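Fold and contact review
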Amino acid sequence: MPPKRPVAAAKAGLTSSSTKIQSQSKVSRRGKDDEDSRMGEEDDEWMQQKIMMKPDDQLVLTAEELKEEFTRILTANNPHAPNNIVRYSFKEDAYKMKMGVDQLAVHFSMDGNMLHKDSDEGRRQLARMGLGENPSEQNVEEVEVPAEDDLEADADGEEDKEAPKQVPAAKPAEAALRNQFNYSERASQTFNNPYRERGTVTEPPPRTNFSSTANQWEIYDAYVEDLERQEKQKEKKKKDDDKDKKAKQVVIDAAPTDEVSRIAKPAQIVERMVNQNTHDEIAQDFKYWEDISDEYKGNEGTLLPLWPFKSDKAKKFTVTAVHFNPKYDDMFAVGHGSYDFLKQSTGLITVYSLKNPSFPEVTYTTESGVMCLDFHPEHPYLIAVGFYDGSVAVYNLREKTNEPSYLSSAKGGKHTDPVWQVCWQENDLDNQLNFFSISSDGRVTSWCLIKNELHYTDIILIRMSGEADLDAEANMQGMGMDLACGTCFDFHKSTDYLFLVGTEEGKIHKCSKHYSSQFLDTYQAHHMAVYAVRWNNFHPRVFASCSADWTVKVWDHNYSEPMFTFDLGCSVGDVVWSPYSATVFGAVTDDGNVFIFDLAQEKYEPICQQSVVQKKKTKVTHLAFNQHYPMIAVGDDRGNAMTLKLSPNLRKCLKEKNYSKENEIAKMEKLLELVREPTAK
């Protein structure tokens with residue numbers, strides 16, 4: 001049995017072995033540190049040293065400016081996010097602004113295909129590739145250290161061995177293959193404030209439950225109550241107890257209850273506002289335009305086209321009358337018919353306003369063509385109209401119906417030929433409204449509005465022999481076949497009983513309401529039909545006439561010969577005196593021209609001659625001066641109406657300091673003295 005090694009010797013051997021292992025580990029660590037330092041030096045070689053460069057144009061600041069702090073607040077609000085989004089609220093029946101707006105702005109988004117390594121799918125793929133759950137554990141080097149019992153046993157068995165057996169180190173693990181699943185993505189996101197909902201609880205509307213049984217008696221009583229209510233509404237609108245069916249229909253239409261009629265007035269106002277914005281340039285010209293070139297033209301002037309007034313219903317008609325409202329300066333009425341007796345059909349009356357040039361304010365469709373019309377001077381809602389079939393009517397603009405308030409009939413003494421002109425007169429002795437009419441049947445008739453009927457009185461019968469006659473019964477029996485055709489008439493501005501009558505033979509008769517059996521005077525005025533005769537608005541003795549013989553003549557009714565004669569080279573459709581000057585008048589011709597004369601400036605030539613139609617064959621039929629604004633309205637044979645503004649040279653008298661009615665009369669009287677011949681009377 002071998003001798004036992006002393007315990008102290010064994011312990012000394014163990015200590016020496018452990019010291020050797022520690023020295024080997026220290027050497028290995030020192031070698032690694034030297035290798036890392038060597039690699040760091042190699043990395044520093046290729047890195048360039050940072051050199052601070054100062055630009056030439058860098059701003060030089062003082063120490064105080066450098067110490068000054070500028071505060072900038074970084075918010076999570078998106079500057080491009082809209083802040084005025086509105087949504088319709090069915091609860092409040094209105095549009096409400098949306099308070100919460102999404103402030104998140106996504107600049108880039110791409111769908112990826114990465115899996116987390118700790119997920120189930122990631123672990124299955126790692127196991128399939130043979131890397132296991134924790135591949136990093138394979139890289140750890142394992143070193144076994146023998147225990148004390150084993151060392152004692154080895155000391156007894158093997159004395160000659162000085163050191164214990166060393167365990168070989170494990171092979172270094174191979175580096176794991178890098179793929180798209182062995183790393184985790186690191187990201188951060190700003191915190192978004194949670195949305196808050198705000199709501200309110202309202203009280204429910206009150207409700208009541210009711211029930212009833214409807215039987216025949218209750219239904220009958222309901223119908224009786226409704227009938228009584230309708231009868232009461234009709235009684236409020238009735239003027240007397242003998243109204244016909246048409247008057248009842250007017251009452252029903254005057255109080256509409258549907259929703260369309262409720263918004264009719266607001267819709268009309270909105271339509272006017274839209275049209276004023278659309279035609280803003282024309283409105284500016286109408287209000288402020290003044291032709292500067294008039295200063296270099298001497299006495300000549302121009303007409304500036306303003307609003308055109310067109311209607312689809314009036315395309316096939318001819319404008320047969322134009323008349324401005326005496327109270328409302330922006331309103332005028334246009335009559336539509338036909339002067340060709342072979343092309344007679346229905347007629348049309350349109351009432352336009354300068355505030356809405358795109359569509360007429362009121363439209364009346366008539367069974368016969370409209371030949372003339374006239375506004376009442378004191379009741380601007382009443383329009384007297386004459387038709388081609390010889391009847392006359394009165395329309396009330398306040399009544400919402402297409403039917404006239406008054407209409408003549410065959411039994412009521414209507415004319416047998418077209419009515420060429422109507423004119424309102426002052427109330428009679430019974431304070432009843434009345435107007436006059438003239439027709440081709442040779443009658444000048446007065447119509448009186450009594451209740452809901454028109455009562456007529458023949459003022460005078462025009463004969464070709466030159467004598468007046470009132471024997472209407474003889475004429476009806478065939479004794480009056482020599483009646484002349486009346487085409488126009490006009491009443492004196494100051495002497496209400498005096499009036500002029502133009503005929504188709506070219507004569508002009510001066511008549512009186514008091515002497516209806518004969519003419520006061522007869523003028524051999526023209527060679528063809530007289531289309532218009534007008535008293536001067538200022539001078540009591542002067543009137544003008546126009547005819548199809550191409551001439552316009554200015555007369556003094558005390559003389560049988562004209563004071564002025566103007567040949568316009570074409571048939572003259574209308575002549576009108578201006579309301580602001582005694583020496584200015586206008587005329588229109590069939591070739592589409594408008595003529596403006598000022599006898600105080602030019603005695604022989606017009607101061608303005610201008611074509612106002614787009615097509616050469618279009619005829620201008622009628623003319624009207626506005627009572628307040630420096631403008632005129634003309635109508636053509638295509639159913640269109642046009643408004644024109646007068647340039648400053650066409651209204652010089654308005655700028656005179658001594659402008660008055662007496663001065664205008666004196667100006668005309670001076671002209672008459674220059675051209676009057678002593679033997680002409």
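Since the model is a prediction, treat every value here as computed from it, not as a measurement.

Let us now look at a nonpolar patch on the surface. Side chains of Val86, Tyr88, Phe90, Tyr95 and Met97 sit close together on the surface and give an oily, nonpolar patch of about 610 Å² of accessible area. Sorting the residues of the nonpolar patch by element identifies strand 1 (86-89) and strand 2 (94-97) as the ones contributing at least two each. Tracing the backbone through its elements, the reader meets Tyr88 in strand 1.

Further remarks concern the nonpolar core. Counting residues in each nonpolar core, the largest one holds 24 residues, and the members touching the most others are Val552, Phe566, Leu568 and Phe585. Contributing elements (two or more residues each) for this core: strand 22 (542-547), strand 23 (551-556), strand 24 (564-567), strand 25 (572-577), strand 26 (584-589), strand 27 (593-598) and helix 11 (661-675). Residue contacts for Phe585: discarding those within four places in its chain leaves Val552, Val554, Phe566, Val575, Val576, Trp577, Ser578, Phe595, Ile596, Phe597 and Leu599. Listed in part, the 20 residues of the second largest apolar core include Val576, Val588, Ile607 and Cys653.

Inspection of the secondary structure assignment puts His622 in strand 29 (residues 620-625). Look at His622 and you get buried, because its relative accessible area is 15%. Only 2.8 Å separates the side chain of His622 from the backbone oxygen of Thr320, close enough to count as a polar contact. For His622, the side chain forms a polar contact with the side chain of Tyr339, separated by 2.8 Å.

What follows concerns the sheet that holds strand 26. Note: strands within a sheet are paired through backbone hydrogen bonds, in either parallel or antiparallel orientation. Spatially, four strands are ordered 25-26-27-28 in an open sheet, and the strand pairing comes out antiparallel. A single partner strand is all that each edge strand has here, and the edge strands are strand 25 and strand 28 (608-611). On average, each strand axis in the sheet is tilted by 15 degrees relative to the strand beside it, whichever way the strands run. In this structure, strand 25 lies alongside strand 26, joined through five bridges in antiparallel fashion. In the strand pairing of strand 26, Val576 is matched with Gly586.

Per the counting criterion, the structure on display carries 26 aromatic pairs. Residues Tyr88 and Phe90 carry aromatic rings whose centres are separated by 4.9 Å and whose planes lie at 80 degrees to one another, so their mutual orientation is edge-to-face. The class of Tyr88 is partly exposed, set by a relative accessible area of 35%. The ring of Tyr381 carries the charged tip of Arg398 above its face, separated from the ring centre by 3.8 Å.

Further remarks concern the sheet that holds strand 19 (residues 508-512). Strand order in the open sheet made by the four strands is 17-18-19-20, with antiparallel pairing throughout. Edge positions in the sheet fall to strand 17 (486-491) and strand 20 (521-523), since each has one partner strand and no second. When the angles between neighbouring strand axes are averaged without regard to direction, this sheet yields 25 degrees. Inspection of the sheet shows strand 17 paired to strand 18 (residues 498-503) by five bridges, in the antiparallel sense. Bridge assignment links Gly486 to a residue of strand 18, and that residue is Thr503.

Let's shift gears to helix 3 (residues 120-128). Of the positions making up helix 3, those classed as buried are Gly122, Gln125 and Leu126. The buried residues of helix 3 occupy an angular sector of 100 degrees when projected down its axis, which confines them to one face. Along helix 3, the residues that are exposed and aim more than 90 degrees away from the buried face are Asp120, Ala127 and Arg128. Positioned one or two residues after helix 3, Gly130 has a phi angle of 80 degrees, which is positive.

Relative to strand 22, strand 21 (residues 530-535) runs antiparallel, the two being bridged by five bridges. Paired with Trp535 across the two strands is Phe543, which belongs to strand 22.

So, on to the pairing of strand 15 (residues 453-462). One ladder, built from eight bridges, connects strand 14 (residues 443-450) with strand 15; its direction is antiparallel. Note that in strand 15 the partner of Thr445 across the bridge is Asp458. Where strand 14 folds back on strand 15, the antiparallel hairpin that results is connected by two residues, among which Lys451 adopts a positive phi of roughly 55 degrees.

A grouping of Glu218, Asp221, Glu225, Glu228, Glu231 and Glu235 is seen on the molecular surface, where their side chains present a negatively charged patch. Here Glu231 is to be found in helix 5 (residues 216-237). On the accessibility criterion, Glu231 (33% relative accessible area) is partly exposed.

Right, let's get into the environment of Asn537. Turning to its location among the elements, Asn537 is positioned in the loop between strand 21 and strand 22. Expressed as a C-alpha distance, the spacing of Asn537 and Ile665, which sit 128 residues apart in the sequence, is 9.7 Å. When residues no more than four places from it in sequence are discounted, the contact partners of Asn537 are Lys493, Trp577, Ser578 and Pro579. In terms of polar contacts, Asn537 uses its side chain to reach the backbone carbonyl oxygen of Ser578, at 3.1 Å.

Inspection of every chain in the model, using the stated rule, returns eleven salt bridges. The residue Asp312 makes a salt bridge to Lys315 at a minimum N-O spacing of 3.8 Å. Through salt bridges that share partners, Asp441, Arg443 and Asp458 make up one connected network.

Let us now look at unusual backbone geometry. Positive phi, normally seen in glycine, also occurs at Asp93, with a value near 55 degrees. Note that Asp93 resides in the loop between strand 1 and strand 2. Of note in this structure, Trp550 is not a glycine but carries a positive phi near 80 degrees. Along the chain, the position of Trp550 falls in the loop between strand 22 and strand 23. For Trp550, a relative accessible area of 43% puts it in the partly exposed group.

Parameters and conventions
- Residues numbered from 1 in each chain as written.
- Predicted model: local features only at pLDDT ≥ 70, side-chain atom pairs only at ≥ 80, totals over all residues.
- Heavy atoms only, no water.
- Patch = residues over 30% accessible without salt bridge, like charges linked within 9 Å, V, L, I, M, F, W, Y side chains within 5 Å.
- Areas by Shrake-Rupley, 256 points an atom, 1.4 Å probe, with all protein chains shown as cover.
- Salt bridge = Lys/Arg side-chain N within 4 Å of Asp/Glu carboxyl O.
- Helix = DSSP H or I, 4+ residues; strand = E, 2+ residues; numbered from the N terminus.
- Core = buried A, V, L, I, M, F, W, Y, C linked by side-chain atoms within 4.5 Å.
- Buried < 20%, exposed > 50% of the residue type's maximum accessible area, 1.4 Å probe, protein only.
- Contact = heavy atoms within 4.5 Å.
- Polar contact = N/O pair within 3.5 Å; in protein donor to acceptor, adjacent residues only side chain to side chain.
- Pairing = 2+ DSSP bridges.
- Axes fitted to C-alpha atoms, helices over the stretch in contact; angles between N-to-C directions.
- Phe/Tyr/Trp six-rings, centres within 6.5 Å; stacked < 30°, edge-to-face > 60°.
- Lys NZ or Arg CZ within 6 Å of the ring centre and 35° of its normal.
- Arc of directions from axis to C-beta.
- Lys, Arg positive; Asp, Glu negative; His and termini not counted.
- Charge placed at Lys NZ, Arg CZ, Asp CG, Glu CD.

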